[in-house]
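This is what each chain is made of:
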Amino acid sequence: MADVPKREIENVEFVFEVMGSAGEGIDAVDLGDALRALNLNPTLALIEKMGGTKKRNEKKIKMDEFLPIYSQVKKEKEQGCYEDFIECLKLYDKEENGTMMLAELQHALLALGESLDDEQVETLFADCMDPEDDEGFIPYSPFLARMCERPDMLK
């Protein structure tokens, strides 16, 4: 069964219980969400390459099909990590004080790379963002710590 440790297989089984069923599998449209639930960060292109679909009920992915996908995505190098994202956001930190304009972060999320839509950005901000100050600045490190599930980096 792919080169996946037993503990990770248990995590995959749990994701399958939540998102689909052990017998039928998960809908291929949910492949990216399933991988993200397992702390991976696949790109949209990689999800499509691995068999993800854009429409529901086109295809099901069973556990034995998912494990090799999980294993391969886990090995991908293009995922980025907390430290990588900090370095990117430092480019917007004009004062070099750990803050950036909320509007700049919102623009980056809406327009750059694999952009998000307005609703996704609002949900992300509601879940992970500290309030902006009177001048429209936010501390970006706690935002990224919450987004990347790194409580050790919260100050």
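Definitions and limits used
Residues numbered from 1 in each chain as written. Predicted model: local features only at pLDDT ≥ 70, side-chain atom pairs only at ≥ 80, totals over all residues. Heavy atoms only, no water. Core = buried A, V, L, I, M, F, W, Y, C linked by side-chain atoms within 4.5 Å. Buried < 20%, exposed > 50% of the residue type's maximum accessible area, 1.4 Å probe, protein only. Helix = DSSP H or I, 4+ residues; strand = E, 2+ residues; numbered from the N terminus. Contact = heavy atoms within 4.5 Å. Axes fitted to C-alpha atoms, helices over the stretch in contact; angles between N-to-C directions. Parallel < 35°, antiparallel > 145°, perpendicular 65-115°, else oblique. Nonpolar A, V, L, I, M, F, W, Y, C, P; charged D, E, K, R; others polar. Left-handed = near helix turned anticlockwise from the far one by under 90°. Expected span 1.5 Å × (residues − 1). Arc of directions from axis to C-beta. Salt bridge = Lys/Arg side-chain N within 4 Å of Asp/Glu carboxyl O.

Asks: Hey, could you go over the nonpolar core for me, with residue numbers and the actual values?
Replies: Ranked by internal contacts, the top residues of the largest apolar core, which has 22 residues, are Leu31, Leu35 and Phe66. Those elements giving two or more residues to this core turn out to be α1 (6-19), α2 (31-37), α3 (44-49) and α4 (63-75). Residue contributions to this core peak at six residues, all from α4. Non-local contacts of phenylalanine 66, meaning those with residues more than four positions away in its chain, are made with Val12, Phe16, Ile26, Leu31, Ala34, Leu35, Leu38 and Ile61. Leu89, Phe125, Met129 and Tyr140 belong to the second largest nonpolar core, which has 17 residues in total.

Asks: Tell me about the packing of helix α7 (residues 118-128) against helix α8 (residues 140-147), residues and numbers included.
Replies: Axis separation between α7 and α8 bottoms out at 9 Å; the angle between their running directions is 100°. Considered as vectors, α7 and α8 are oriented roughly perpendicular to each other. For the pair α7 and α8, contact is made by Leu124, Phe125, Asp127 and Cys128 and by Pro142, Phe143, Arg146 and Met147, respectively. Class assignment of the residues belonging to the contact of α7 with α8 gives a composition of six nonpolar, no polar and two charged.

Asks: So, the packing of helix α5 (residues 82-90) against α8: which residues are in play, and what are the values?
Replies: Helices that pack against each other are described as a pair by the angle of their axes relative to one another and the distance between those axes. Two elements in contact, α5 and α8, have axes separated by 10 Å at closest approach and are oriented at 150°. If you check the angle between α5 and α8, you find them roughly antiparallel. Where α5 crosses over α8, the handedness of that crossing is right-handed. Across the interface between the two elements, Tyr82, Phe85, Ile86, Leu89 and Lys90 from α5 touch Tyr140, Ser141, Leu144 and Ala145 from α8. Looking at side-chain class alone, the contact of α5 with α8 contains seven nonpolar, one polar and one charged residues.

Asks: Summarise α1; cite the residues concerned and give the values.
Replies: Here α1 contains 14 residues, and its C-alpha end-to-end distance of 20 Å stays within 8% of the 20 Å for a straight helix at 1.5 Å per residue. Every buried residue belonging to α1 is among Glu8, Ile9, Val12, Val15 and Phe16, and all of these are buried. Taken end-on, α1 shows its buried residues confined to a sector of 115°, consistent with a single buried face. Within α1, the exposed residues directed more than 90 degrees away from the buried face are Lys6, Arg7, Phe14, Glu17 and Val18.

Asks: Lay out the pattern of salt bridges in plain terms, naming residues and giving numbers.
Replies: Applying the stated criterion across every chain, the model contains nine salt bridges. With a shortest N-O distance of 3.2 Å, arginine 7 and glutamate 10 are connected by a salt bridge. Note that arginine 7 and glutamate 10 are positioned in helix α1 at a spacing of three residues, about one turn of the helix. Classification of glutamate 10 as partly exposed rests on a relative accessible area of 34%. Between lysine 90 and glutamate 87 there is a salt bridge, and its shortest N-O distance comes to 3.3 Å. With lysine 90 and glutamate 87 both in helix α5, this residue pair falls three residues apart, about one helical turn. Judged by relative accessible area, glutamate 87 falls into the partly exposed class, the value being 47%. One network of salt bridges, in which partners are shared, links Lys6, Arg7 and Glu10.

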